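Residue-level listing of the chains:
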Amino acid sequence: MNRWKQATAKLSELYPTEEDLTDSTLAARLNGFVKGHGTLKDLKEEIFGWKKSEKDKQKIIATIDSIKW
């Protein structure tokens, strides 16, 4: 499995439909990251400011950390 398919598979655990994933703020931020805009550290700091439960924030970060970038 190539790394993009692996990343998409892991992200689908957070977003049950393709539409949910493609419309998510996380997908937009990750697209910027892979294009060289920002760092994972910056992204993780931003996630902590999102209006989500702490549990959801931790799950998002754990998922990001599990992806081979």
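Remember, it's a predicted structure, so these values are computed and weren't measured experimentally.

J.: Got a sec to walk through the pattern of salt bridges? Specific residues and values, please.
T.: Applying the stated criterion across every chain yields a total of 3 salt bridges. Taking the shortest distance from any N to any O, the salt bridge between Glu46 and Arg29 comes out at 2.8 Å. In this pair, Glu46 is assigned in helix H4 (residues 40–47) and Arg29 in helix H3 (residues 25–34), connecting sequence segments 17 residues apart. Judged by its relative accessible area of 30%, Glu46 falls in the partly exposed class. Given a relative accessible area of 37%, Arg29 falls into the partly exposed group. Its salt-bridge partner being Glu54, residue Lys57 comes within 3.2 Å of it at the nearest N-O pair. Placement of both Lys57 and Glu54 in helix H5 (residues 54–66) is noted, with a separation of 3 residues, approximately one turn of the helix.

J.: Tell me about H3, and please be specific about residues and values.
T.: Within the sequence span of H3, burial applies to Leu26, Ala27, Leu30, Gly32 and Phe33. Packing partners of the buried residues in H3 comprise helix H1 (3–11), helix H2 (18–22), H4 and H5. Phi turns positive, to about 95°, at Gly36, one or two residues after H3.

J.: Hey, could you go over the environment of Ala27 for me, with residue numbers and the actual values?
T.: On the secondary structure map, Ala27 appears in helix H3. Residues Ala27 and Lys57 lie 30 residues apart in sequence; the distance between their C-alpha atoms is 14 Å. Here Ala27 is in contact with Leu21 and Thr22, once residues within four sequence places are set aside.

J.: Which residues make up the environment of Ser53, and what are the values?
T.: Mapped onto the fold, Ser53 is located in the loop between H4 and H5. Among the polar contacts made by the side chain of Ser53, one reaches the main-chain amide nitrogen of Asp56 at a distance of 3.0 Å.

J.: Could you give me a rundown of the nonpolar core, with the residues and numbers involved?
T.: Membership of the largest hydrophobic core comes to 15 residues, with the highest contact counts inside it found for Leu11, Leu14, Leu26, Leu43, Ile47, Ile60 and Ile64. Looking at this core, the elements with two or more residues in it are H1, H3, H4 and H5. The contact partners of Leu43, leaving out residues within four places of it in the chain, are Leu26, Arg29, Leu30 and Ile64.

Cut-offs used in this document
Residues numbered from 1 in each chain as written. Predicted model: local features only at pLDDT ≥ 70, side-chain atom pairs only at ≥ 80, totals over all residues. Heavy atoms only, no water. Salt bridge = Lys/Arg side-chain N within 4 Å of Asp/Glu carboxyl O. Helix = DSSP H or I, 4+ residues; strand = E, 2+ residues; numbered from the N terminus. Buried < 20%, exposed > 50% of the residue type's maximum accessible area, 1.4 Å probe, protein only. Contact = heavy atoms within 4.5 Å. Polar contact = N/O pair within 3.5 Å; in protein donor to acceptor, adjacent residues only side chain to side chain. Core = buried A, V, L, I, M, F, W, Y, C linked by side-chain atoms within 4.5 Å.

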